[in-house]
Amino acid sequence: MAGHFTRGTFDFLRDLIDNNNRPWFQENKDRYEKYVKEAALAFITDFGPHLRKVSKYFVADPSPVGGSLFRIYRDTRFSKDKTPYKTAIGIRFTHELGKDVHAPGYYLHIAKDGCFAACGIWRPDGASLGRIRDAIVDDGTAWKRARDAKSLTSWDWGGDTLKRAPRGYDQDHPLIDDLRRKDFIVSRPLTRKDVTSAELPERLAALYREGTPLQRFICRALSVPF
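Here's a quick rundown of the structure. Just so it is clear, the structure is predicted and the values come from calculations on it, not from any experiment. (Residues numbered from 1 in each chain as written. Predicted model: local features only at pLDDT ≥ 70, side-chain atom pairs only at ≥ 80, totals over all residues. Heavy atoms only, no water.)

Direction vectors running N to C along helix H5 (residues 140-147) and helix H9 (residues 212-221) enclose 145 degrees, while the axes themselves pass 7 Å from each other. Residues Ala142, Trp143 and Ala146 of H5 form the contact with H9, whose own contacting residues are Pro213, Leu214 and Phe217. (Axes fitted to C-alpha atoms, helices over the stretch in contact; angles between N-to-C directions. Helix = DSSP H or I, 4+ residues; strand = E, 2+ residues; numbered from the N terminus. Contact = heavy atoms within 4.5 Å.)

So, on to the layout of surface pockets. In this structure, the second largest pocket encloses a volume near 310 Å³. The greatest single-element share of the lining of the second largest pocket, amounting to four residues, is contributed by helix H3 (residues 29-54). (1 Å grid on protein atoms, 1.4 Å probe; cavity = no way out; pocket = protein on both sides within 12 Å on 5 of 7 lines; lining within 4 Å. Points joined across faces, edges and corners; volume = space filled by probe spheres on them.)

So, about the packing of aromatic side chains. Counted by the stated rule, this structure contains 20 aromatic pairs. For the pair Phe47 and Tyr208, a centre-to-centre distance of 5.9 Å together with 75 degrees between the ring planes defines the contact as edge-to-face. Linking Phe47 in helix H3 with Tyr208 in helix H8 (residues 200-210), this pair joins segments that are 161 residues apart in sequence. The class for Phe47 is buried, based on a relative accessible area of 0%. With a relative accessible area of 0%, Tyr208 lands in the buried category. Chaining the aromatic ring pairs together yields one cluster made of Phe5, Phe43, Phe47, Phe58, Phe93, Tyr106, Tyr208 and Phe226. (Phe/Tyr/Trp six-rings, centres within 6.5 Å; stacked < 30°, edge-to-face > 60°. Buried < 20%, exposed > 50% of the residue type's maximum accessible area, 1.4 Å probe, protein only.)

As summarised here, the arrangement of the five strands in space is E1-E2-E3-E5-E4, forming an open sheet in which the pairing is antiparallel. Each of the sheet's edge strands pairs with one partner strand only, and the pair in question is strand E1 (88-94) and strand E4 (156-158). Adjacent strand axes in the sheet meet at a mean angle of 25 degrees, parallel and antiparallel pairs treated alike. Here E1 pairs with strand E2 (residues 105-111) via seven bridges, running antiparallel. Residue Ile91 lies in a different strand from E2, and its bridge partner there is Leu108. (Pairing = 2+ DSSP bridges.)

This is the structure in structure tokens:
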């Protein structure tokens, strides 16, 4: 049984890197529709039941606009890079109470130069970031239990950190390295074989379950259900 994503998906992404312009995209839009958009929306639909077994509060939305699939069009208004299209597929599964990509969530990244799964929270707003930091200070034991969970030992921490202690926090706090984080996100690489496999929904759900200790801590800190 074939997977949702195929060699055609990666061939299109490869060719887009070499031809990132509107005329080429228009000539190849049928490839985009078949191998990227339709494949991704079908995957999101089929992944929904698996995601609900991880947590019923995260959403797999197959809407073609405003759903789990990131739009392929880049916002170039404030960028020196004026290439019009993203060369990777981004799929997000955010918390039902979240309004945007900066809410707690899960993520799938598919690109020619690498694929990965991720979970946590990326670029939270100031109030949310403060609540997570306060939760770490208030219960460092619970935070270390989540951070150092055995299920997360194969995941890589990512995101940006401050160079100094955030305002209002002790620079000598024993967990200062964690308090300096601007993102609380972990990722795990996926092979092309993983992504093109018919088993991807089950594989991805199993990986997301490994992220439960971190995701549960974040949700508790933000007073949203997990």
